[in-house]
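Close look at the chain arrangement
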Amino acid sequence: MTDIESQVFTRVSDVLTANFQGITVKSELELSPSKFPSVSLEEADNYSLTSTATTSSTDNHQVVMYELNVLSNKSSGRKSEAKKIFSMADEVLVGLGFARLSRMPMPMNDGTVYRYVGRYTAVVDNNQNIYRR
C-alpha cells in the first residue's frame, strides 16, 4: 500500500498557513476546535485498484480519497472566509492531480460555525505518482 497522506497534507498545510494568519491545519477532523479558522485534511479511503494488480495479486495502484473540512466562526463573513480557504486548498489538491468529487456547505452550531466539506480522489502508483481518475 502506498501512503502519500503526509506529503499531501504538508503541501496543503504549507499553502494555507502562508496565506491565512492564525489558521489551524490538522490531519484529523475536529468539529469543536479551540481556534478558528480550522482545517482538516485526512485520508478517508485507500484501496487496491485490482484491474492493475499482477497475477500474483501484487498491487500496482491504489485509489485514495481525501476529505477536506474547513470551519470558520467569524461573526461576520464566516461563509466567505470558509469559501476562500476551501478554494485555495482545492487549488493545491487539483494541482497535485486529485479530482474533486464534492463540495458541500454544512452550517453548524446554530449557524455560528460555517463548514465546507470536500472529497477528492486519485489513483496513486507504487512510486507515489498521482493520477486523476
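Report follows, based on the coordinates. Predicted model, so just to flag it, every value in this text is computed and none were measured.

Calculation rules
Residues numbered from 1 in each chain as written. Predicted model: local features only at pLDDT ≥ 70, side-chain atom pairs only at ≥ 80, totals over all residues. Heavy atoms only, no water. Core = buried A, V, L, I, M, F, W, Y, C linked by side-chain atoms within 4.5 Å. Buried < 20%, exposed > 50% of the residue type's maximum accessible area, 1.4 Å probe, protein only. Helix = DSSP H or I, 4+ residues; strand = E, 2+ residues; numbered from the N terminus. Contact = heavy atoms within 4.5 Å. Salt bridge = Lys/Arg side-chain N within 4 Å of Asp/Glu carboxyl O. Expected span 1.5 Å × (residues − 1). Arc of directions from axis to C-beta. Axes fitted to C-alpha atoms, helices over the stretch in contact; angles between N-to-C directions. Left-handed = near helix turned anticlockwise from the far one by under 90°. Nonpolar A, V, L, I, M, F, W, Y, C, P; charged D, E, K, R; others polar.

**With respect to the nonpolar core**
Counting residues in each nonpolar core, the largest one holds 27 residues, and the members touching the most others are Leu16, Leu68 and Phe98. When contributions to this core are tallied by element, the ones reaching two or more residues are helix H1 (5–19), strand S2 (38–48), strand S3 (61–72), helix H2 (78–96) and strand S5 (114–125). Among residues more than four places away in sequence, those in contact with Phe98 are Ile4, Val8, Val64, Tyr66, Leu93, Tyr120, Thr121, Ala122, Ile130 and Arg132.

**As for the pattern of salt bridges**
Under the criterion given, the structure shown has 3 salt bridges. Between Lys26 and Glu30 there is a salt bridge, with the nearest N and O atoms lying 2.5 Å from each other. Taking the relative accessible area as the measure of exposure, Lys26 reaches 33% and is therefore partly exposed. A relative accessible area of 27% places Glu30 in the partly exposed class. One salt bridge in this structure joins Arg119 and Glu67, with 2.6 Å as the shortest N-O distance. In this pair, Arg119 sits in strand S5 while Glu67 sits in strand S3, placing the two residues 52 residues apart along the sequence. Exposure remark for Glu67: the relative accessible area of 14% places this residue in the buried category.

**A closer look at H1**
Between its terminal C-alpha atoms H1 stretches 21 Å, which fits the 21 Å expected from 15 residues at 1.5 Å a residue. By the burial criterion, the buried members of H1 are Val8, Phe9, Val12, Ser13 and Leu16. Take H1 and look down its axis: the buried residues cluster within an arc of 120°, on one side only. Where the residues of H1 are buried, they touch strand S1 (24–26), S2, S3 and H2.

**A look at the packing of H1 against H2**
In the contact formed by H1 and H2, the axes pass within 10 Å of each other and the chain directions differ by 145°. Helix-helix and strand crossings are classified by hand; for H1 and H2 the assignment is right-handed. Contact residues: Val8, Arg11, Val12, Val15, Leu16 and Asn19 in H1; Ile85, Met88, Ala89, Val92, Leu93 and Leu96 in H2. Considered class by class, the residues forming the contact of H1 with H2 number 10 nonpolar, 1 polar and 1 charged.

Remember that the coordinates give geometry; whether it matters functionally is a separate question.
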